[in-house]
Amino acid sequence: MDFIRFFQTKGKVRPSYLLLGGIGVSAGFTAIMTIMVSDMDNSSYQLVARWLSGNIWGTSWHQLKELIPYLLVLIPILFTKANVLDLLLLGEETSLALGVKVERERRILLIVPVALAASCVSASEGISFIGLVGPHIARRYIGARHHMLIPTSMLIGGLLLLIADTIRRSLFQPIEIPVGIVIFVLAAPYFLYLLRKQIER
């Protein structure tokens, strides 16, 4: 668990450290990959750039079949933790008082989503913005109860991907724009709206 310890202070996982650490690690890996592809020929560079932007072109039923075992194992674990997630929203001290083993649950809730994200990226490339905007939209309409929030977020994420793929196929032909870029364009105004609402509070 050395990776988890990196985000701990005095044995406790700090969400702010996890967020900032994730941003830093992501930026570092992006810089390394940029350096690595700088000497590639044009066709190879375009392939890597499309992968980094997020694309589902070339994904087949073969990749989906390989993804199913991970989903069948990890998604049920995530659903069993819905009540724990609700309790964690009450704060660490309250959760401890209610019998939640906070640090153990945080570790599980860190590992399972990371494993789910990694397995999905292996099949559909890095379309990361869906994981950010989907839950925010779902929370706005159904609230914060995770037994409904988790499946609704999945459905909204799938719907966003379908809409973005339809837009890029119908509006930008014959140009092949990665679907991840279309999702960025669709989701950015919503995040600006959320930011404005937070500032106004």
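Structure: above.
The structure presented is a predicted model; accordingly, all values stated were derived computationally and were not measured. (Residues numbered from 1 in each chain as written. Predicted model: local features only at pLDDT ≥ 70, side-chain atom pairs only at ≥ 80, totals over all residues. Heavy atoms only, no water.)

Caption draft 1: Just the overall build of the protein, in detail. Scanning the protein from N- to C-terminus turns up 10 helices and 2 strands. Traced from its N-terminal end to its C-terminal end, the protein shows the element sequence α-β-β-α-α-α-α-α-α-α-α-α. Across the 201 residues that make up the protein, the buried fraction comes to 30%. Counting only contacts in the protein whose residues sit at least 6 apart along the sequence, the fraction spanning at least 24 positions is 65%. In the structure as shown, the protein presents an accessible area of about 13,400 Å², 69% of it carried by carbon and sulfur atoms. (Helix = DSSP H or I, 4+ residues; strand = E, 2+ residues; numbered from the N terminus. Buried < 20%, exposed > 50% of the residue type's maximum accessible area, 1.4 Å probe, protein only. Contact = heavy atoms within 4.5 Å. Areas by Shrake-Rupley, 256 points an atom, 1.4 Å probe, with all protein chains shown as cover.)

Caption draft 2: Structural view of the packing of helix α4 (residues 61–80) against helix α7 (residues 102–124). For the pair α4 and α7, interaxial distance at closest approach is 10 Å and the crossing angle is 165°. Considering the angle they form, α4 stands roughly antiparallel to α7. Crossing geometry of α4 relative to α7 is assigned as left-handed. Here Gln 63, Leu 67, Tyr 70, Leu 71, Leu 74, Ile 75, Ile 77 and Leu 78 of α4 lie close against α7, whose contacting residues are Val 112, Pro 113, Ala 115, Leu 116, Ser 119, Cys 120 and Ala 123. Partitioning the contact of α4 with α7 into residue classes produces 13 nonpolar, 2 polar and no charged. (Axes fitted to C-alpha atoms, helices over the stretch in contact; angles between N-to-C directions. Parallel < 35°, antiparallel > 145°, perpendicular 65-115°, else oblique. Left-handed = near helix turned anticlockwise from the far one by under 90°. Nonpolar A, V, L, I, M, F, W, Y, C, P; charged D, E, K, R; others polar.)

Caption draft 3: Structural view of the pattern of salt bridges. Scanning the entire structure with this criterion turns up 5 salt bridges. Here Lys 81 ties to Glu 105 by a salt bridge, and the two come within 2.9 Å at their closest N and O atoms. Here the residue Lys 81 occupies a position in the loop between α4 and α5 (82–88), and Glu 105 occupies one in helix α7, the gap between them amounting to 24 residues. Note on Lys 81: relative accessible area 15%, which makes it buried. Residue Glu 105 is classed as buried on the basis of its relative accessible area of 5%. Between Glu 103 and Arg 106 there is a salt bridge, with the nearest N and O atoms lying 3.4 Å from each other. With Glu 103 and Arg 106 both in helix α7 and 3 residues apart, this pair spans about one turn of that helix. An identical accessibility class is assigned to Glu 103 and Arg 106; each is buried. Through salt bridges with shared partners, a single ionic network connects Lys 81, Arg 104 and Glu 105. (Salt bridge = Lys/Arg side-chain N within 4 Å of Asp/Glu carboxyl O.)

Caption draft 4: Just helix α8 (residues 129–142), in detail. Helix length check: α8, at 14 residues, gives a terminal C-alpha distance of 20 Å against a target of 20 Å (1.5 Å per residue), a fit within 8%. Within α8, burial applies to Phe 129, Ile 130, Val 133, Gly 134, Ile 137 and Ala 138. Mapping the buried residues of α8 onto a view down its axis gives an arc of 130°, with all of them on the same face. Gly 143, located one to two residues past α8, shows a positive phi value of around 90°. (Expected span 1.5 Å × (residues − 1). Arc of directions from axis to C-beta.)

Caption draft 5: Seen up close, the nonpolar core. Core analysis: the largest hydrophobic core is formed by 18 residues, its most contacted members being Ile 127, Val 133, Ile 137, Val 179 and Ile 183. The set of elements that each furnish at least two residues to this core consists of α8, α9 (146–171) and α10 (179–200). Here this core gets 6 residues from one element, more than from any other, and that element is α10. With near-sequence residues (within four places) excluded, Ile 183 lies in contact with Ile 127, Phe 129, Ile 130, Leu 160, Leu 161 and Ala 164. One finds Leu 78, Val 84, Val 112 and Ile 150 within the second-largest nonpolar core, a separate group that totals 11 residues. (Core = buried A, V, L, I, M, F, W, Y, C linked by side-chain atoms within 4.5 Å.)

Caption draft 6: Inspection of the packing of α8 against α9 at higher detail. At a closest axis distance of 8 Å, the pairing of α8 and α9 adopts a crossing angle of 125°. Our classification of the angle between α8 and α9 gives oblique. Crossing geometry of α8 relative to α9 is assigned as right-handed. Together, Ile 130, Val 133, Gly 134, Pro 135, Ile 137, Ala 138, Arg 139 and Ile 142 of α8 and His 146, Met 148, Leu 149, Thr 152, Ser 153, Ile 156, Gly 157, Leu 160 and Leu 161 of α9 make up the contact between the two elements. Split by residue class, the contact of α8 with α9 holds 11 nonpolar, 5 polar and 1 charged.

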